Amino acid sequence: MPHPLPALIVVDVQRAFDEWEAAGKRRNNPDAAAQIAALLKAFRASSAPVFHIRHEGTKPNSSFLPSRSGYAVKDEAREQDGEPVIVKRVNSAFIGTDLETRLRASGITSLVVCGATTNHCVETTTRMAGNLGFDTRLVRDATWTFDRIGPDGDAHSAEEIHAMTLSNLNGEFARIVTTNEVVASFAAK
């Protein structure tokens, strides 16, 4: 029987990103962690399932090695008792993990994705969720990314990258929503 509520997938809300920012990398959406905290509060209040995804680095210089301070979760997104933590080593939360098995075993057919970064692990996880047939929503104000230099040497702002990722995913892989829309959907139940 399908689960009546969506599951929240919280992707890589780890301190490494704070360290990158402190080192001078520029990001968009500084309020994303507060929005993620609001989503967690709404899902928990409705007893909806929550899955925490952690990235574990595999390269010797990775900010995400379990032995480094960047591996730790930001306070706003820390799991509570009973909420599963799934460790991944690639961009997708579905590759090399039991996330899909857990979701299907619980009858979960609808997902709400948030976290970091918009154009890497959030995008890859969202694309795969859509491809696997989950009714997926990506929360536009509960994710963020960083400025990047493209292969042509052109600078691309975090805002442009974020907007393009949302555009690429919209309609084909997921519905793009806001935190307020998701919270309101729980209030309407």
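Residues numbered from 1 in each chain as written. Predicted model: local features only at pLDDT ≥ 70, side-chain atom pairs only at ≥ 80, totals over all residues. Heavy atoms only, no water.

## Here we look at the packing of helix 2 (residues 32-45) against helix 6 (residues 179-187)
- Following both chains from N to C, one finds helix 2 and helix 6 inclined at 10°, their axes separated by 10 Å at the closest point. Between helix 2 and helix 6, the crossing angle belongs to the class labelled roughly parallel. The segment helix 2 lies against helix 6, with Gln35, Ala38, Leu39, Ala42 and Phe43 engaging Thr179, Val182, Val183 and Phe186. (Axes fitted to C-alpha atoms, helices over the stretch in contact; angles between N-to-C directions. Helix = DSSP H or I, 4+ residues; strand = E, 2+ residues; numbered from the N terminus. Parallel < 35°, antiparallel > 145°, perpendicular 65-115°, else oblique. Contact = heavy atoms within 4.5 Å.)

## Section: the nonpolar core
- Counting residues in each nonpolar core, the largest one holds 27 residues, and the members touching the most others are Leu8, Val10, Ile36, Phe43, Trp144 and Val182.
- Secondary-structure elements contributing two or more residues to this core are strand 1 (7-11), helix 1 (16-22), helix 2, strand 4 (110-116), strand 5 (135-144) and helix 6.
- The leading source of residues in this core is helix 2, at six residues.
- Valine 10 has contacts with Ile36, Leu40, Val50, Phe51, His52, Ile53, Ala77 and Cys114, leaving out every residue within four places of it along the chain.
- Of all hydrophobic cores here, the second largest spans 23 residues; its members include Leu103, Leu111, Phe134 and Leu166. (Core = buried A, V, L, I, M, F, W, Y, C linked by side-chain atoms within 4.5 Å. Buried < 20%, exposed > 50% of the residue type's maximum accessible area, 1.4 Å probe, protein only.)

## What about the side chain of threonine 118?
- Mapped onto the elements, threonine 118 comes out in helix 4 (residues 118-131).
- For threonine 118, a relative accessible area of 0% corresponds to the buried category.
- The contacts of threonine 118, once residues within four sequence positions are left out, are Glu123, Thr143, Trp144, Thr145, His162 and Thr165.

## Here we look at the packing of helix 4 against helix 5 (residues 158-169)
- Two numbers describe how helix 4 lies on helix 5: the axes approach to 11 Å, and their chain directions differ by 10°. As far as their axial angle goes, helix 5 and helix 4 are roughly parallel. Mapping the contact onto sequence places Thr118, Asn119, Glu123, Thr126 and Arg127 in helix 4 and Ile161, His162, Thr165, Asn168 and Leu169 in helix 5.
- In terms of residue class, the contact of helix 4 with helix 5 is built from two nonpolar, six polar and two charged. (Nonpolar A, V, L, I, M, F, W, Y, C, P; charged D, E, K, R; others polar.)

## Considerations on the pattern of salt bridges
- Counted under the stated rule, the structure contains 15 salt bridges.
- When the shortest N-O distance is used, the salt bridge between arginine 89 and glutamate 56 registers 3.0 Å. Of the two residues, arginine 89 sits in the loop between strand 3 (85-88) and helix 3 (99-105) while glutamate 56 sits in the loop between strand 2 (50-55) and strand 3, which places them 33 residues apart along the sequence.
- Note on arginine 89: relative accessible area 44%, which makes it partly exposed.
- Taking the relative accessible area as the measure of exposure, glutamate 56 reaches 17% and is therefore buried.
- Salt-bridge contacts for arginine 102 lead to aspartate 98; the nearest nitrogen and oxygen are separated by 3.0 Å.
- Salt bridges linked by common partners bring Arg15, Asp75 and Arg78 together as one network. (Salt bridge = Lys/Arg side-chain N within 4 Å of Asp/Glu carboxyl O.)

## Some thoughts on unusual backbone geometry
- That bond from alanine 116 to threonine 117 is cis: its omega, -20°, falls within 30 degrees of zero.
- Checked against the element boundaries, threonine 117 lands in the loop between strand 4 and helix 4.
- Phi at aspartate 12 is positive, roughly 50°, even though this residue is not glycine.
- By the secondary structure assignment, aspartate 12 is in the loop between strand 1 and helix 1.
- Judged by its relative accessible area of 1%, aspartate 12 falls in the buried class.
- You will see that serine 47, though not glycine, has its phi angle at about 55°, which is positive.
- Among the residues examined, serine 47 registers a relative accessible area of 62% and is labelled exposed.

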